[in-house]
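Each chain is listed here by its residues.
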Amino acid sequence: MLESTVAAIRPLDETAMAAARELQGRLTKPAGSLGALEPLSVRLAGLAGTCPPPLPEPAAVAIFAGDHGVHAQGVTPWPQEVTAQMIANFVAGGAVVNAFARQAGASVTVVDVGVATPLPVEPTADPAGPRLVVANVRAGTRDLTVTAALTRDEARAAVETGIRIAGELVDAGAGILLTGDMGIGNTTPAAALIAAFTGVDPAAATGRGTGVDDETYARKVGVVRAALDRHAPDPADPLGVLAAVGGLEHAALAGLVLGAAARRVPVLLDGVIAVSAALAAAAFAPDAVGAMVAGHRSAEPGATAALRHLGLDPLIDLGLRLGEGTGALLALPVVTGAVRVLHEVATFDSAGVAEK
């Protein structure tokens, strides 16, 4: 599945992009006056292969959840059981992501791809509410400071879970996918992935996550540095990087991005976990970047390094660091607006408005 998905990913359609640029130039507004929305609309036309591109709706958030063996190194004060407890909160509709999803009219799918503790809720398939899918590859990763976090087969299984979920959501009618994540301690492997793929120093890739104190932060940087020194992951081998220092939710998110790109559906990236996974997706298939839209700039410093490496500019910057898909949901109306302009705004000729 992974290889066939990567093979299906193609460059953006230059003809559709040229048509979108030409149309932007004829709309009743000064050229370039919509700033970043204009090149975004052009890129989405290239992804869809038509101008104007389809409106990015309905929206579907996919929250992948997993636990991490590196939790044993004291990189976060939160107990690991919170991952499973938050899944129950997602399914009950009580998390921030649920509130934002209701506001945006987006569906929420929660996927247990590697939670270590028993879930306090059963799988659900209610289309009217959050859906829980259990696709647990293993009960959390191994401690990446001691050994590889995953085997290559486990990393592949998680990536292919993300690809499968992307296909299911698109087949159900989703016009845009949004990334979500949950996993206590998951900013540590995210930092390791970012450092591995971009080459930045671990200190520049590592942030304070849930707001750790100075002592815990210093320990966290040391853990990331030690893991990279131990495994020396090769960025040209993305499956190997995910196996060495990644998390199950990171691998699944990489698969979601690849699955969206193969189906030529945009994927709106959330925060640092999502962009660390997007780096892996881009290493598998560089043209997958064409399907990526950076929803926001996470307060985690590694997110900026990852976005710079991907060549993506975030749509909003609100100092968010929650994850779950919250920043992507807040950015969703911006993406929709960029496309709606091409559908609904009159041209100078059709409106009888004189050009300069």
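Everything quoted here is computed from the prediction, not taken from an experiment.

Draft legend 1. Representation of the overall build of the protein chain within the structure. Scanning the protein chain from N- to C-terminus turns up 15 helices and six strands. Relative to a compact globule of 356 residues, whose C-alpha radius of gyration would be 21 Å, the protein chain shows 20 Å and is just as compact. Expressed as lengths along the three principal axes of its C-alpha atoms, the size of the protein chain is roughly 70 × 45 × 40 Å. A total of 356 residues make up the protein chain; the buried ones form 56% of that total. Pairs at least 24 apart in sequence give 77% of the contacts found in the protein chain among residues at least 6 apart. Summed over its atoms, the accessible surface of the protein chain is roughly 13,300 Å², and 55% of this surface lies on carbon and sulfur atoms. Within the protein chain, the 35 negative side-chain charges are centred at a point lying 3 Å from the centre of the 24 positive side-chain charges.

Draft legend 2. The arrangement of unusual backbone geometry in detail. In the segment running from Cys51 into Pro52, the intervening peptide bond is cis, with an omega of 0°. Relative to the elements of secondary structure, Pro52 occurs in the loop between helix H3 (37-48) and strand E1 (59-66). Of note, the amide linkage connecting Glu57 to Pro58 takes the cis form, showing an omega dihedral of -5°. Structurally, the position occupied by Pro58 is in the loop between H3 and E1. With a phi close to 60°, Arg264 is a non-glycine residue in the positive phi region. Among the secondary structure elements, Arg264 is positioned in the loop between helix H11 (248-262) and strand E5 (267-269).

Draft legend 3. Highlighting the packing of aromatic side chains. On inspection of all chains with the given rule, the structure shows zero aromatic pairs. One cation-aromatic arrangement involves Arg208 over Tyr217; the distance from NZ or CZ to the ring centre is 4.8 Å.

Draft legend 4. The arrangement of the sheet that holds strand E2 (residues 107-114) in detail. Across the sheet, which stays open at both edges, the six strands sit in the order E3-E2-E1-E4-E5-E6 with parallel pairing between neighbours. Both edges of this open sheet fall to strand E3 (131-134) and strand E6 (292-294), since each of them pairs with a single strand only. Each adjacent strand pair in this sheet contributes to an overall mean axis angle of 25°, direction not counted. The pairing of strand E4 (residues 176-182) with E5 spans two bridges and is classified as parallel. When the sheet's bridge partners are listed, Leu178 is paired in E5 with Leu268.

Draft legend 5. Inspection of the packing of helix H7 (residues 187-198) against helix H12 (residues 272-284) at higher detail. Relative orientation of the contacting elements H7 and H12 amounts to 40°, with a least axis distance of 9 Å. The crossing of H7 and H12 is left-handed. Along its contact with H7, which presents Thr187, Ala190, Leu193, Ile194, Phe197 and Thr198, the element H12 presents Val272, Ile273, Ser276, Leu279, Ala280 and Ala283. By residue class, the composition of the contact of H7 with H12 is nine nonpolar, three polar and no charged.

Draft legend 6. Fine view of the pattern of salt bridges. Under the definition given, this model contains 16 salt bridges. Here Asp214 and Arg208 are joined by a salt bridge, their closest N and O atoms 2.8 Å apart. The exposure class assigned to Asp214 is exposed, which follows from its relative accessible area of 56%. Among the residues examined, Arg208 registers a relative accessible area of 34% and is labelled partly exposed. One continuous salt-bridge network, built from bridges that share partners, spans Glu3, Arg156 and Glu160.

Draft legend 7. Quick look at the nonpolar core. Judged by nonpolar contacts, the single largest core of 80 residues is most densely connected at Phe64, Leu177, Leu256, Leu258 and Met292. It is H12 that provides the largest number of residues to this core, a total of eleven residues. Discounting residues that sit within four places of it in the chain, Met292 has contacts with Arg43, Val257, Val267, Leu269, Ala278, Ala281, Ala282, Leu310 and Leu312. Membership of the second largest hydrophobic core comes to 34 residues, among which are Ile63, Ile87, Leu178 and Ala331.

Draft legend 8. Layout of the packing of helix H6 (residues 152-171) against helix H10 (residues 238-245). For the pair H6 and H10, interaxial distance at closest approach is 8 Å and the crossing angle is 105°. On the basis of their axis angle, the class for H6 and H10 is roughly perpendicular. Contacts between H6 and H10 pair Arg152, Ala155, Arg156 and Val159 from the former with Leu239, Gly240, Leu242 and Ala243 from the latter. Classifying every residue of the contact of H6 with H10 by side-chain character gives five nonpolar, one polar and two charged.

Conventions adopted
- Just so you know, the residues in each chain are numbered from 1, in the order the chain's sequence is written.
- Under the rules for a predicted model, residues below a pLDDT of 70 receive no local features and side-chain atom pairs below 80 are neither given nor counted, while totals for whole chains, interfaces and linings still include all residues.
- Calculation of side-chain values draws on the structure's entire complement of heavy atoms; hydrogens and water are dropped beforehand.
- Only DSSP runs of H or I with at least four residues qualify as helices, and only runs of E with at least two residues qualify as strands; both kinds are numbered from the N terminus onward.
- When we talk radius of gyration, it's over C-alpha atoms, and the globule rule is simply 2.2 Å times the number of residues to the 0.38.
- The rule is simple: take the accessible area with a 1.4 Å probe, protein chains only, and divide by the maximum for that residue type; under 20% is buried, over 50% is exposed, in between is partly exposed.
- Any pair of residues with heavy atoms lying within 4.5 Å of one another is described as a contacting pair.
- A 1.4 Å probe and the Shrake-Rupley method give the accessible areas. Residues count as covered only by the protein chains that appear here.
- We score Asp and Glu as negative and Lys and Arg as positive, and we do not count His or the chain ends.
- A charge is said to be at NZ when it belongs to Lys, at CZ for Arg, at CG for Asp and at CD for Glu.
- Centres within 6.5 Å are what make two rings of Phe, Tyr or Trp a pair, Trp counting through its six-membered ring; a difference in plane orientation under 30 degrees is then read as stacked, over 60 as edge-to-face, and the rest as tilted.
- Comment: the charge-over-ring label is applied if NZ (Lys) or CZ (Arg) is within 6 Å of the ring centre and within 35 degrees of the ring normal.
- Between any two strands, at least two bridges found by DSSP are needed for them to pair.
- Comment: axis = line fitted to C-alpha atoms, over the contacting stretch for helices; angle = value between 0 and 180 degrees taken between N-to-C directions.
- Two helices crossing with the near one rotated counterclockwise from the far one by less than a right angle form a left-handed crossing, whereas a clockwise rotation gives a right-handed crossing.
- By the convention adopted, Pro, Cys, Tyr, Trp, Phe, Met, Ile, Leu, Val and Ala count as nonpolar, Lys, Arg, Asp and Glu as charged, and the other residues, Gly among them, as polar.
- By definition here, a salt bridge exists when the distance from a side-chain nitrogen of Lys or Arg to a carboxyl oxygen of Asp or Glu is within 4 Å.
- Nine residue types can take part in a nonpolar core, namely buried Ala, Val, Leu, Ile, Met, Phe, Trp, Tyr and Cys, and a core is a set of them joined through side-chain atoms within 4.5 Å.
- Oblique is the label for any angle not covered by the other classes, which are roughly parallel (under 35 degrees), roughly antiparallel (over 145) and roughly perpendicular (65 to 115).

Nothing here speaks to function; it is all geometry.
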